[in-house]
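One letter stands for each residue in the lines below.
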Amino acid sequence: MFIVVFVMAIVGLLAINFFRMSREAQSNAHRFQTSEVARQLAAAAADEAFMYIHDRTGDVSSALFKKLCARESSIDMSSKGFENRDSIGEDIPIELTKKAAPDHLSVSAKARITDFRNVDSSGLGAYYGKEGVGTLEIQVTVKPKSAFQKGTCTIIRHHDYKVVAVVSARNNNEQRTGYANSYALDYVLFLRDGAAEFESTRGLSLNPSDKRVITISQGDESNPEKFGKVYFGTKTNTGSDNMVFLNIDSSRESLLPGDKQRNLFLVDGPTIDQIIPGFQSSLSSQANKDAKDAGAKSGSASMSNHEGQFSFSKEPITDEHLSKTENMTDYRDYIMYMQSFANNASQMSAEYYEPGIIIKPESSLDKIIEGDVRQRFFHFGRFFVDLSKASVNVRVRYKSGFRTKTKSETAAVASDMSTVEKSANNFMPCYDPAVEDEFRAAMGITGSKFLVYDVIKSKIDATPDAVSRIDLRYPYRKGLTEGSFQKTNTVIQPKLYKHREVSAVSDPLTAGVPFAHVNLWARRELTNAHLTELGIFNSETRKLKLRGVIQMSEALTLGKDGEVEFEGSGVIIAPGITIKNALKPKSGTNSVCVLVTRGFPITIDTNKRVEAALISMGTSHIGGYIRALKPLDLYGCIAADKMNLGQWLQNAQHKITYNPLLKRNEDLYQINVSRWVTFERVLEQEE
Amino acid sequence: MSIKIIKRRVLGLSLLEIVIAMFFMSIAILSFFTMNQASNQSSMDAYYEFLAFSLAREPIEVFRGFGYDYLASIVFEGAAPPAWYKVDDNFHDIPFDATADMQYPAEADLFQRNIKLASVSEGSLKGIKIIVTVAVKGMSRAEIMMSRKSVTLESVVMERPK
């Protein structure tokens, strides 16, 4: 009996054990199933969480965008100690996955910043503002709701993300304190080598010989805070040779500083006779001629009580204005030659064409122009003889029988007002006596001078406004008073890449290139096929989707098949860009499109409105510029190495209107979250 | 001495005792066999369910690899899915074929599979829901062993940026 009980006990134990094992196998199968379902859900949830983040970070007004951009403490654990990290993270809704999940599983996801770098890879240059490169962690947890916790699955994925400022805030009353990718967008017209180009073309780069007028205006003229600046890049870091000028023409007379004309001082008759040595003799000769013509033997005349008036007038310097008055262009050219001689320089152009650039509103030029931009006008120091009080004594000798008689008669010139007026309008140019003498001697000019006023040299010296000059001392502003000259020691220097100066462009790395931080570019080396493939540009619907900075390896042509509409804010860098039709933002959006070439031109082959910021700046002196094959209507801005006006359509009116969206009080950032998973960890929790 | 021999003989098992012992023994052995059978069934149930589950998981993994655009072309444009993964309302055999590119365990032949795709969205997020149901074939060994006759697995493949 004992043996039977023993055997039964053994068999019973074995049976129970076997049963337990089989139940365990079943349980394990269930556990694996649960775990696998959890893993599937976690993978789907991680994808959905990523898409949610990708979608929301495309909207600059979304809460998630703002949190990520600002790296709020609730989402950024990069600067926290290990013990404080678990509570950090932003819950990400994953509704689609939750709908697909069985009832007994709960799904949750959160995202947080694990790492962020706001200094470029060289470690030398800090990114602007909140720009930088970081790592975003998406953590998804799927776990059974019941007490049976086996099968919990957690997936942790890391994605790189980049924050880049497409437009950075700029206070119009101050200069930037550091490099910003988008600094060129501060300007409605930025010419990096503007001063050097101006010098090499002797001023023709801004005052072209053939008719090309570019009108620069502001999209919001009522708000100076929104004005786009105008800047002609300096050649050197110091000194006055960074100056450029715009000729004043008839349309811009209102810019002339101070009094337009003013009388300076009078000289008496004897002095006049010295200043104009032939004055009395020519009067007498004329009287003699008139007397003979009248049958008299001879005649003579002398004038008394006449006065000489020294005065000046400020005249537009262009041919179109001065040629309306006889001899004025000659006077201007004569003074120009003398000035060049005196300065031992030939840098000033002999031509006086109308300016190629008109900047509006003229009342706010002081708020628009940066750097040393001056107005060039003709200060006409002049002299005329005032006959209003003069009298002429005429003596005529005539035959009366066998005798010669003399008749003398004195008359006031004022009795013949036409003579007075004629004299008053007969201006004679007044030049610097010393310079003129030296110039004439050097040039071998032997003819008589207009005026010989050495006798009043001290007077002239004390009254420099009496002397004609081509005036270049005043800034290109409106409402200037007399003597408010340009401060030549003020050299504006935008802060360029890695804190280098605008003129230091001898090698590519030292260039003032916008959007120079390649680490912040969302995509690189794209082809036109990529643009279509990646959904950036749909050539059929002609929609352009912008987000952050992308760089292409091929030239880009927009608008081949019609108007192009863009949405979002971003920058396209390409080796050559051509725009063949209107480029406009999606209505109702504040989209910003920036098109950049480096060392290649941007060609505008349409007269329709192009709403974009155009930047053509080389990495060295390759020289970027804009080509306008048709009358340009640009709503945005232009930044280029050179103006290269020869590439703009002749006899055309071109318009550049600054888009106020480019001048902001706060930065316009874009976030690009990479689709690629740089790290993944799957945790399957046993307990 | 003789008394001892007599006593030893008296201590031996009687037939009745053996019968009783065999009765208990048979009950125990019967229980053992019953438990063994139940355990065996549980194990095979778990095995087949796991197999069914793997067969359900497979197209989800493959479709996830294909990505949203491919699945969307099947859903919206009627593009044909790969031959092994027919997408319709019917159940299809999962044949064992040693010469085929795709290899399944021999027991896969005991199951049929149905794959459905459906478009889902939440706000601007778009996805394709994959629903895979693997059912045991009728009158098969697996049908006897399995407590559940089908396994359904769902997942979502989200649209991703390119």
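Every chain is numbered on its own, with residues counted from 1 as its sequence reads. All chains are assigned letters beginning with A, and all ligands numbers beginning with 1, in the order in which they are written. The predicted nature of this model means local features are confined to residues of pLDDT at least 70 and side-chain atom pairs, given and counted, to a pLDDT of 80 or more, with totals for whole chains, interfaces and linings taken over all residues. For side-chain calculations, the full set of non-hydrogen atoms in the structure is used, while hydrogens and water are omitted.

**Some details on the overall build of chain B**
Working step 1: A run of H or I in DSSP becomes a helix once it reaches four residues, and a run of E becomes a strand once it reaches two; helices and strands are each numbered from the N terminus. Helices and strands together make up the secondary structure of chain B, namely four helices and four strands.
Working step 2: Against the globule reference of 15 Å for 162 residues, chain B gives a C-alpha radius of gyration of 29 Å, more extended than a compact globule.
Working step 3: Principal-axis analysis of the C-alpha atoms places the extent of chain B at approximately 105 × 40 × 25 Å.
Working step 4: Counting over 162 residues, chain B shows a buried share of 36%. As defined in this context, the radius of gyration uses C-alpha atoms, and a globule is described by 2.2 Å times the residue total to the power 0.38. Buried residues are those whose accessible area, probed at 1.4 Å on protein chains only, stays under 20% of the maximum for their type, while exposed residues exceed 50% and partly exposed ones sit between those limits.

**A look at the interface of chain A and chain B**
Working step 1: Tallying the contact residues gives 37 residues for chain A and 36 residues for chain B.
Working step 2: What gets called buried area is simply the loss in accessible area from a 1.4 Å probe that two parts show on being joined, summed for both. Of all residues in chain A, Gln-33, Gln-40 and Leu-96 of chain A bury the most surface against chain B, accounting for 19% of the area lost on that side.
Working step 3: Throughout this description, the term salt bridge denotes a Lys or Arg side-chain nitrogen within 4 Å of a carboxyl oxygen of Asp or Glu. Counting the contacts that link chain A with chain B gives five salt bridges.
Working step 4: By the criterion applied in these results, polar contacts are pairs of N or O atoms within 3.5 Å in which, for protein atoms, one can donate a hydrogen and the other can accept it, and in which residues neighboring in sequence qualify only through two side-chain atoms. If you look at where chain A meets chain B, you find ten residue pairs in polar contact (both at pLDDT 80 or more).
Working step 5: Listing elements by their share of the side of chain A that touches chain B, those giving two or more residues are helix 1 (2-56) and helix 3 (95-100) of chain A.
Working step 6: Of the residues forming the side of chain A that touches chain B, the biggest block, 28 residues, is contributed by helix 1 of chain A. Should any heavy atoms of two residues lie within 4.5 Å, those residues are counted as being in contact.

**A word on unusual backbone geometry**
Residues and elements named next belong to chain A.
Working step 1: The omega torsion across Lys-360 and Pro-361 is -5°, close enough to zero to call that bond cis.
Working step 2: The residue Pro-361 is located in the loop between strand 12 (357-359) and helix 9 (365-368) in this model.
Working step 3: The phi dihedral of Arg-202 is positive, around 55°, even though this residue is not glycine.
Working step 4: As for its placement among the helices and strands, Arg-202 is situated in the loop between helix 4 (194-200) and strand 6 (212-218).
Working step 5: Note on Arg-202: relative accessible area 35%, which makes it partly exposed.

**What about the sheet that holds strand 3 (residues 132-144) of chain A?**
Residue and element names in this part refer to chain A.
Working step 1: Strand order in the open sheet formed by five strands is 1-2-3-4-33, with antiparallel pairing between adjacent strands. Because the sheet does not close on itself, it has two edges, and the strands there are strand 1 (90-91) and strand 33 (668-685).
Working step 2: With 14 bridges joining them, strand 4 (residues 152-167) and strand 33 adopt antiparallel strand pairing. From the neighbouring strand, His-159 faces strand 33, where its bridge partner is Val-677.
Working step 3: The strands touched by helix 2 (residues 63-70) within the sheet are strand 1, strand 2 (105-117), strand 3, strand 4 and strand 33, with strand 33 carrying the most contacts at an inclination of about 90°. Here a strand pair is declared whenever DSSP counts at least two bridges between the two strands. Lines fitted to C-alpha atoms define the axes here, with helix axes fitted over just the stretch in contact, and angles between the N-to-C directions of these axes take values from 0 to 180 degrees.

**Here we look at the domain arrangement of chain A**
Working step 1: Either an automatic procedure or a domain database provided the assignment from which the domain bounds are taken. In terms of domain boundaries, chain A breaks down into domain 1 (28-163 + 672-685) and domain 2 (246-353 + 372-485).
Working step 2: With centres defined by C-alpha atoms, the gap from domain 1 of chain A to domain 2 of chain A works out at 85 Å.

**Overview of the environment of Phe-310 of chain A**
All names here are of chain A.
Working step 1: If you trace the backbone, Phe-310 turns up in strand 11 (residues 307-316).
Working step 2: In this structure the C-alpha to C-alpha distance between Phe-310 and Asp-259, which are 51 residues apart in sequence, comes to 15 Å.
Working step 3: With residues up to four places along the chain from it excluded, the contact list for Phe-310 reads Asn-263, Leu-264, Phe-265, Val-267, Ile-275, Arg-382, Phe-383, Cys-430, Tyr-453, Ile-456, Ile-460 and Ala-466.

**Brief notes about the layout of surface pockets**
Residue and element names in this part refer to chain A.
Working step 1: Here the term cavity refers to a set of points on a 1 Å grid, laid over the protein atoms alone, in which a 1.4 Å probe fits but cannot get out; the term pocket refers to an open set having protein on both sides within 12 Å along at least five of seven lines, with lining residues being those that place an atom within 4 Å of a point. Grid points are joined across faces, edges and corners, and a volume is the space filled by probe spheres set on the points. Approximately 830 Å³ is the volume attributed to the second largest pocket.
Working step 2: Lining the second largest pocket are 26 residues, with Leu-283, Met-303, Leu-387, Val-392 and Thr-419 positioned closest to its centre.
Working step 3: Breaking the lining of the second largest pocket down by element, the ones donating at least two residues are helix 6 (279-293), strand 15 (391-400), strand 16 (403-412) and helix 10 (417-424).
Working step 4: Looking at which element gives the most residues to the lining of the second largest pocket, the answer is strand 16, with five residues.

**Overview of the sheet that holds strand 30 (residues 626-628) of chain A**
Residue and element names in this part refer to chain A.
Working step 1: With respect to topology, four strands assemble into an open sheet ordered 22-24-27-30, the strand pairing being parallel. Every interior strand has two partners, whereas the edge strands, strand 22 (556-558) and strand 30, have only one. Taken pair by pair, the neighbouring strands of this sheet meet at an average axis angle of 10°, ignoring direction.
Working step 2: The pairing of strand 24 (residues 577-579) with strand 27 (residues 602-604) spans three bridges and is classified as parallel. Across the sheet, the residue bridging to Thr-578 is Thr-603, located in strand 27.

**Let's talk about the pattern of salt bridges**
Working step 1: Taken as a whole and judged by the stated rule, the model has 49 salt bridges over all chains.
Working step 2: Glu-61 of chain B serves as the salt-bridge partner of Arg-39 of chain A, at 2.4 Å between the closest nitrogen and oxygen. Of this pair, Arg-39 of chain A sits in helix 1 while Glu-61 of chain B sits in helix 2 (residues 15-66), each in a different chain.
Working step 3: Given the relative accessible area of 23%, Arg-39 of chain A is considered partly exposed.
Working step 4: Classification of Glu-61 of chain B by relative accessible area gives partly exposed; the value is 32%.
Working step 5: Overlapping salt bridges bring together Asp-259, Arg-262, Lys-314, Asp-465, Arg-469, Asp-471, Arg-473 and Glu-482 of chain A as one network.

**A closer look at the environment of Val-151 of chain B**
Residue and element names in this part refer to chain B.
Working step 1: The topology assignment puts Val-151 in strand 4 (residues 150-158).
Working step 2: In this structure the C-alpha to C-alpha distance between Val-151 and Tyr-70, which are 81 residues apart in sequence, comes to 25 Å.
Working step 3: Apart from the residues within four sequence positions on either side, Val-151 is in contact with Glu-49, Ala-52, Phe-53, Val-132, Thr-133 and Val-134.

**What to know about the packing of helix 8 (residues 328-342) of chain A against helix 11 (residues 433-443) of chain A**
Residue and element names in this part refer to chain A.
Working step 1: With their axes 10 Å apart at the nearest point, helix 8 and helix 11 run at an angle of 85° to one another. Judged on the interaxial angle alone, helix 11 and helix 8 are roughly perpendicular. Packed against helix 8, whose contacting residues are Tyr-334, Tyr-337, Met-338, Phe-341 and Ala-342, the element helix 11 presents Val-435, Glu-436, Glu-438, Phe-439, Arg-440, Ala-442 and Met-443 at the interface.
Working step 2: Charged residues are taken to be Asp, Glu, Lys and Arg, nonpolar residues to be Ala, Val, Leu, Ile, Met, Phe, Trp, Tyr, Cys and Pro, and polar residues to be all remaining types, Gly included. Class assignment of the residues belonging to the contact of helix 8 with helix 11 gives a composition of nine nonpolar, no polar and three charged. Each angle receives one of four descriptions, namely roughly parallel if under 35 degrees, roughly antiparallel if over 145, roughly perpendicular if within 65 to 115, and oblique otherwise.

**Some details on helix 2 of chain B**
Residues separated by three or four positions in an α-helix point in the same direction, a consequence of the helix having 3.6 residues per turn.
Working step 1: Here helix 2 of chain B is 52 residues long and its end C-alpha atoms lie 75 Å apart, about the 76 Å a rise of 1.5 Å per residue gives.
Working step 2: Where helix 2 of chain B ends, the next residue or the one after it, Gly-67 of chain B, has phi of about 90°, a positive value. The span expected for a helix works out to 1.5 Å for each residue beyond the first.

**Some words on the packing of aromatic side chains**
Working step 1: Here is the rule: rings of Phe, Tyr and Trp (six-membered ring for Trp) pair when centre to centre is within 6.5 Å. Planes less than 30 degrees apart are stacked, more than 60 are edge-to-face, and the remainder are tilted. The final tally for this structure, using the stated rule, is 23 aromatic pairs over all chains.
Working step 2: Their ring planes at 75° and their centres at 5.8 Å tell us that Phe-63 of chain B and Tyr-85 of chain B sit as a pair that is edge-to-face. Residue Phe-63 of chain B is found in helix 2, and its partner Tyr-85 of chain B is found in the loop between helix 3 (68-77) and strand 1 (92-93); the two are separated by 22 residues along the sequence. As far as the burial class goes, Phe-63 of chain B and Tyr-85 of chain B line up, both buried.
Working step 3: For a ring to carry a charge above it, either NZ of a lysine or CZ of an arginine must fall within 6 Å of the ring centroid while also lying within 35 degrees of the normal to the ring plane. The ring of Phe-427 of chain A is capped by Arg-382 of chain A, whose NZ or CZ atom sits 3.7 Å from the centre of that ring.

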